[in-house]
Protein chains: 2
Amino acid sequence: MLQQFMRLENDEIAALGSLASHTKLHDAGHILIHEGGTTDYVYLLVEGTASRYKLLPGGERQILGFLIPGDICDVQFITHRPDHSVALLSRAKIAKIPSRKMTEFLIHYPRIEWALSRAALLDIAILRQWLLNIGQRDACERLSHLFCEMKCRLSKIGKVESDGSFDMPVNQSALADCTGLSIVHINRTLQRLRNDGLIELRRRRLTILDPERLATLAGFSDDYLQVKPCRS
Amino acid sequence: MLQQFMRLENDEIAALGSLASHTKLHDAGHILIHEGGTTDYVYLLVEGTASRYKLLPGGERQILGFLIPGDICDVQFITHRPDHSVALLSRAKIAKIPSRKMTEFLIHYPRIEWALSRAALLDIAILRQWLLNIGQRDACERLSHLFCEMKCRLSKIGKVESDGSFDMPVNQSALADCTGLSIVHINRTLQRLRNDGLIELRRRRLTILDPERLATLAGFSDDYLQVKPCRS
DNA sequence: CGCTGTCTTGAGTCGGATCAAGATTAGTGG
DNA sequence: CCACTAATCTTGATCCGACTCAAGACAGCG
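About the cut-offs
- Residues numbered from 1 in each chain as written.
- Chains lettered and ligands numbered in written order.
- Predicted model: local features only at pLDDT ≥ 70, side-chain atom pairs only at ≥ 80, totals over all residues.
- Heavy atoms only, no water.
- Salt bridge = Lys/Arg side-chain N within 4 Å of Asp/Glu carboxyl O.
- Helix = DSSP H or I, 4+ residues; strand = E, 2+ residues; numbered from the N terminus.
- Buried < 20%, exposed > 50% of the residue type's maximum accessible area, 1.4 Å probe, protein only.
- Contact = heavy atoms within 4.5 Å.
- Buried area = accessible area lost by both parts, 1.4 Å probe.
- Polar contact = N/O pair within 3.5 Å; in protein donor to acceptor, adjacent residues only side chain to side chain.
- Nonpolar A, V, L, I, M, F, W, Y, C, P; charged D, E, K, R; others polar.
- Near = heavy atom within 4 Å.
- Pairing = 2+ DSSP bridges.
- Axes fitted to C-alpha atoms, helices over the stretch in contact; angles between N-to-C directions.

Moving on to the pattern of salt bridges. Residues and elements named next belong to chain A. Considering all chains together, one arrives at 22 salt bridges over all chains under this definition. In this structure, Glu104 engages Arg100 in a salt bridge whose closest nitrogen and oxygen atoms are separated by 3.4 Å. Remark: Arg100 and Glu104 occur in helix H2 (residues 99-108); sequence separation between them is four residues, near one turn of the helix. Residue Glu104 is classed as partly exposed on the basis of its relative accessible area of 42%. The structure contains a network of salt bridges with shared partners spanning Glu161, Asp167 and Arg205.

Have a look at this one:
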């Protein structure tokens, strides 16, 4: 949600709304963007969850990040040749906006363009944190950190239940590919977290049983996710 | 260099020049920005090399990226509390610009602001590539990829000699901390690359002896570093 | 000349990978 | 509502890439 980054005026909100008015429902697994292909559209994830990833010739996949409702898929692309793919993790509602239209729109609403660049900065902050995660932490810490991060991001858009549970529509294979671990090891690590009473993960739904202890274990602090809206 | 992202007008170049007119020389090891501290300045690296990194309580360090001449240190910071540190790898020339002044400047030169946001997109592309690197590749590939990337970035600013060598002012400890490997393993991996006749690394200077073969080994393609200047 | 930081090398260990198979669960169509 | 199939999850056994520890060799520098 862009409002995290800047208080928007009513007309801006309305304009955004009409820009994203044509939404379409897609099934889990649908690939929105193909690495190396071309796009002339910007996709806005209205409802559901998606992942960005890169594939290696050998078939290895690295998940680069998760998209949650309100996230935009690819203002990112410098050229129109995306350097990674985006696929849906769950059934999702998508608004598909022609790039041309988006460009014009942003010229009329420079404040929104500015908010988007803030969103990019948040992406950077998250990417750096992931790098630290994969580069320096062990399996347990990596998973814990990821869970803490997701919970924090989702809570900002009101997607965490009062009991602390939230949708996490990923299988163990996806967890493996975003932490740089093997599926088997993810499985065993999850069991440890479960046995330690830290989390519960069932039917694509994650409950953090002891947020305090999990955050400590992960070395998680939500500072990097806190974006101050500025320029009023 | 911002001109990678957009053809700038003479007055813009002149304005940038005067903005960055007061430069100062610092020694290798100098810490420009402290994680968790505060900054009211934007730093422009005019000459030399620097690294961004995060530290963990246990002393582990993850290097998040390298800065080369023309790179800007921290338009990045969403709040004024940097989430990582920046230190010089070599003696370097730095322009220190007050954030206020920078903000005003960008209001007068919106095209430059726009170029900066492009630069951020390049940062994102590099970060994603690093994530792939650390997450999925083995030691040899990681190092090779890093070297290919540095050479490509440096060649864009004319910092690669005609014999293919360039400054790489990092010790093995830094290589370890940016690839997520141990120093010892870096040492052995470097030896392999040397013995295979792929590289030569002496006195902080790297020569890629067989670019072709190294790129293949690394799975490197420079696509993600190619930024098309647009909006004329 | 003698630090101090950096690089090398060897030996032993371990976290996490791989391989292989069985158990569960979720979907599908009848 | 059940049978069938394909994912996904578990578990055990084995292996290996990379880590740690430890010590010696250089190199740059005041």
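Next, the rest of the story.
What follows is about the interface of chain B and chain A. Contacts between chain B and chain A engage 40 residues on the former and 41 residues on the latter. Between chain B and chain A, roughly 3,600 Å² of surface is buried when both sides are summed, and carbon and sulfur atoms account for 67% of that area. Where chain B meets chain A, there are six residue pairs in polar contact (both at pLDDT 80 or more). For the side of chain B that touches chain A, the secondary structure elements donating two or more residues are strand S4 (50-55), strand S5 (61-67) and helix H3 (110-136) of chain B. Residue contributions to the side of chain B that touches chain A peak at 18 residues, all from H3 of chain B. By residue class, the composition of the side of chain B that touches chain A is 18 nonpolar, nine polar and 13 charged.

Neighbouring DNA strand C are 16 residues, the closest being Ser182 of chain A together with Gln172, Asn187, Arg188 and Gln191 of chain B. Backbone atoms, meaning sugar and phosphate, form 64% of the atoms of DNA strand C found within 4 Å of the protein. At a separation of 2.7 Å, a phosphate oxygen of DNA strand C approaches a polar side-chain atom of Ser182 of chain A. Listing elements by their share of the surface near DNA strand C, those giving two or more residues are helix H6 (183-195) of chain A together with helix H6 (183-195) of chain B. If you tally residues by element for the surface near DNA strand C, the top one is H6 of chain B, at five residues. Of the residues in the surface near DNA strand C, the class split is four nonpolar, seven polar and five charged.

Residues and elements named next belong to chain B. A sheet is described by the order of its strands in space; here three strands give the open sequence S1-S7-S3, paired in antiparallel fashion. The outermost strands of the open sheet, each flanked by one partner alone, are strand S1 (23-26) and strand S3 (41-47). Ignoring strand direction, the axes of neighbouring strands in this sheet form an average angle of 35°. As defined by bridge partners, S1 adjoins strand S7 (residues 92-98) across four bridges and the pair is classed as antiparallel. Bridging from a neighbouring strand, Lys24 pairs with Ile94 of S7. Against the sheet, helix H2 (residues 99-108) touches S3 and S7, its axis set at about 75° to S7.

Turning to the protein's contact with DNA strand D, a few remarks are in order. The full set close to DNA strand D counts 16 residues, and Gln172, Asn187, Arg188 and Gln191 of chain A together with Ser182 of chain B are the nearest of them. Near-protein atoms of DNA strand D (within 4 Å) split between backbone and bases, with sugar and phosphate holding 64%. Between DNA strand D and Arg194 of chain A, the relevant distance is 3.3 Å, taken from a phosphate oxygen to a side-chain nitrogen or oxygen of the residue. Contacts to DNA strand D include Ala139 of chain B, whose backbone N or O atom sits 3.2 Å from a phosphate oxygen. Looking at the surface near DNA strand D, the elements that each hand over two or more residues are H6 of chain A together with H6 of chain B. A class-by-class count of the residues in the surface near DNA strand D yields four nonpolar, seven polar and five charged.

Interpretation in functional terms is not warranted from these geometric data alone.
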